[in-house]
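Below, each chain spelled out in residue letters.
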Amino acid sequence: MANPQANGQWYPPEWPDRIRALAAGTLTPVAPKRAATVMLLRDTGAGTAVHMLRRRTSMAFAGGAYAYPGGGVDPRDDDRAIGWAGPTRAWWAERLGVDAAGAQAIVCAAVRETYEEAGVLLAGPTGDSVVGDTTGADWEADRAALVARELSFAEFLDRRGLVLRSDLLGAWARWITPEFESRRYDTWFFVAVLPEGQRTRNASTEADRTVWITPAEATAGYDKGELLMMPPTVATLRGLAACGTAAEALASAPGRDMTPVLARARLEGDEVVLSWPGHEEFTKHVPSTAPTPATPADPTGGATA
């Protein structure tokens, strides 16, 4: 459900009650699950565009919101060594703030989810090559098996004789779902340039639409209340808007601050104040009785990837 303010900030109506319960000690936070999401970029005549999907309104978490391909870590993403190219697991561990096994799992999740939800695979036969066309019945069968968890990502790479190209990813940000949310994720955001010869498609059962859109267009739609988004999505889009090209965005990633962003909530009288440290634009003051918000329209005209 949309934000009662003018913009398109996703804000569930049950949050104020959950915040009050957390403050009263009657709500126990659930542990966040590790997740990864990837901002796929390509250069167009209108500027650098990012691939976004719109989550189905029936989804329990962020239904109707625009987001990037991504999802939770599969327990098998770190169960054994896989073909790996680019920075070492130890390098990624330091960059992501986890141990080496956790780093492999998070990077694997980023690559696997991008393939599962967008049909784009950041892997190649060698450490300096990347697969081209990933369409066709045999590729789709493997993708479906990954989605169904009938096939692990390590098994998929072995079967195809591929190595994961971790150098095609750049860690961009880390956001943790607020403690009062019932579905919590510790999510690492990555950037990647769409590999030559590959194309995106809406392969996700969780999305009803995909679109290539410039970060400036996306944030303008959000500011007008026409595109529904969560704070991490808006914040990452604003950061991408400062990059002139897709390659520039990828090259700038190593200098990005990976300190986790976790929302804070406090009670001021009958008002709930919700804030995200370092991102003042998302601060919300919610009265005990807020008006029922409307769902934003879709200004993309049904444009799909």
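Residues numbered from 1 in each chain as written. Predicted model: local features only at pLDDT ≥ 70, side-chain atom pairs only at ≥ 80, totals over all residues. Heavy atoms only, no water.

Asker: Sorry if this is basic, but what is going on with the overall build of the protein here?
Answerer: The helix and strand tally for the protein stands at 8 helices and 14 strands. Residue burial in the protein is summarised as follows: out of 305 residues, 51% are buried. Of all intrachain contacts in the protein linking residues separated by at least 6 positions in sequence, the fraction that spans at least 24 positions is 71%. By element, 51% of the accessible surface of the protein is carried by carbon and sulfur atoms, the whole surface being about 12800 Å². (Helix = DSSP H or I, 4+ residues; strand = E, 2+ residues; numbered from the N terminus. Buried < 20%, exposed > 50% of the residue type's maximum accessible area, 1.4 Å probe, protein only. Contact = heavy atoms within 4.5 Å. Areas by Shrake-Rupley, 256 points an atom, 1.4 Å probe, with all protein chains shown as cover.)

Asker: Can you help me understand the confidence of the model for the protein in this one?
Answerer: Predicted coordinates in areas of low pLDDT are best not read in detail. Confidence in the prediction for the protein averages 86 pLDDT; 88% of positions are at 70 or higher. In the predicted structure, residues 1–5 sits below a pLDDT of 50 and forms 21 contacts with residues beyond four places in sequence or in another chain. In the model, residues 290–305 has pLDDT below 50 throughout and makes 36 contacts with residues more than four positions away in sequence or in other chains. (pLDDT = per-residue confidence, 0-100.)

Asker: How should the sheet that holds strand E12 (residues 264–268) be read in this particular structure?
Answerer: Sheets are built from strands that pair by backbone hydrogen bonding, the pairs being arranged parallel or antiparallel. Ordered in space as E12-E13-E14, the 3 strands form an open sheet in which the pairing is antiparallel. The sheet terminates laterally at E12 and strand E14 (279–286), the two strands that pair on one side only. Each strand of the sheet is rotated relative to its neighbour by a mean of 20°, with strand direction disregarded. The pairing of E12 with strand E13 (residues 271–276) spans 5 bridges and is antiparallel. Bridge pairing in E13 places arginine 264 opposite serine 275. On the sheet, helix H1 (residues 15–24) packs against E12, E13 and E14 and is oriented at approximately 90° with respect to E13. (Pairing = 2+ DSSP bridges. Axes fitted to C-alpha atoms, helices over the stretch in contact; angles between N-to-C directions.)

Asker: Just checking my understanding: could you explain the pairing of strand E2 (residues 47–55) for this structure?
Answerer: Every other side chain in a regular strand lies on the same face of the sheet, so the side chains alternate between the two faces. Within E2, 8 of the 9 residues are buried, which leaves the element mostly enclosed by the surrounding structure. As paired strands, strand E1 (residues 33–44) and E2 are joined by 4 bridges and run antiparallel to one another. Following the sheet pairing, threonine 44 is matched in E2 by glycine 47. Following E1, the chain reverses through 2 residues before pairing antiparallel with E2. Both E2 and strand E3 (residues 66–67) contribute to a ladder of 2 bridges, which runs antiparallel. Looking across to E3, one finds that leucine 53 is bridged to alanine 67.

Asker: I would appreciate a short explanation of helix H4 (residues 137–147) in the present structure.
Answerer: Helical geometry: 3.6 residues make up each α-helical turn, so side chains three or four residues apart lie on a common side. Looking at H4, one finds that the buried residues are Trp139, Asp142, Arg143, Ala145 and Leu146. Projected down its long axis, H4 carries its buried residues within an arc of 160°, all on one side. Summarising the contacts, the buried residues of H4 are in contact with helix H3 (100–118) and helix H5 (153–160). (Arc of directions from axis to C-beta.)

Asker: Please clarify how the nonpolar core should be interpreted in this entry.
Answerer: Generally speaking, nonpolar side chains in soluble globular proteins are found buried as a group. One finds Leu96, Leu121, Leu169 and Phe190 to be the most contacted residues of the largest nonpolar core, which totals 42 residues. Elements that contribute at least two residues to this core include exactly E1, helix H2 (89–96), H3, H4, H5 and strand E9 (185–193). It is H3 that provides the largest number of residues to this core, a total of 9 residues. When residues no more than four places from it in sequence are discounted, the contact partners of phenylalanine 190 are Ala36, Thr37, Val38, Met39, Trp92, Leu96, Ile106, Ala110, Leu169, Gly170, Ala171 and Trp172. Residues Trp175, Leu227, Leu240 and Leu274 belong to the second largest nonpolar core, which totals 41 residues. (Core = buried A, V, L, I, M, F, W, Y, C linked by side-chain atoms within 4.5 Å.)

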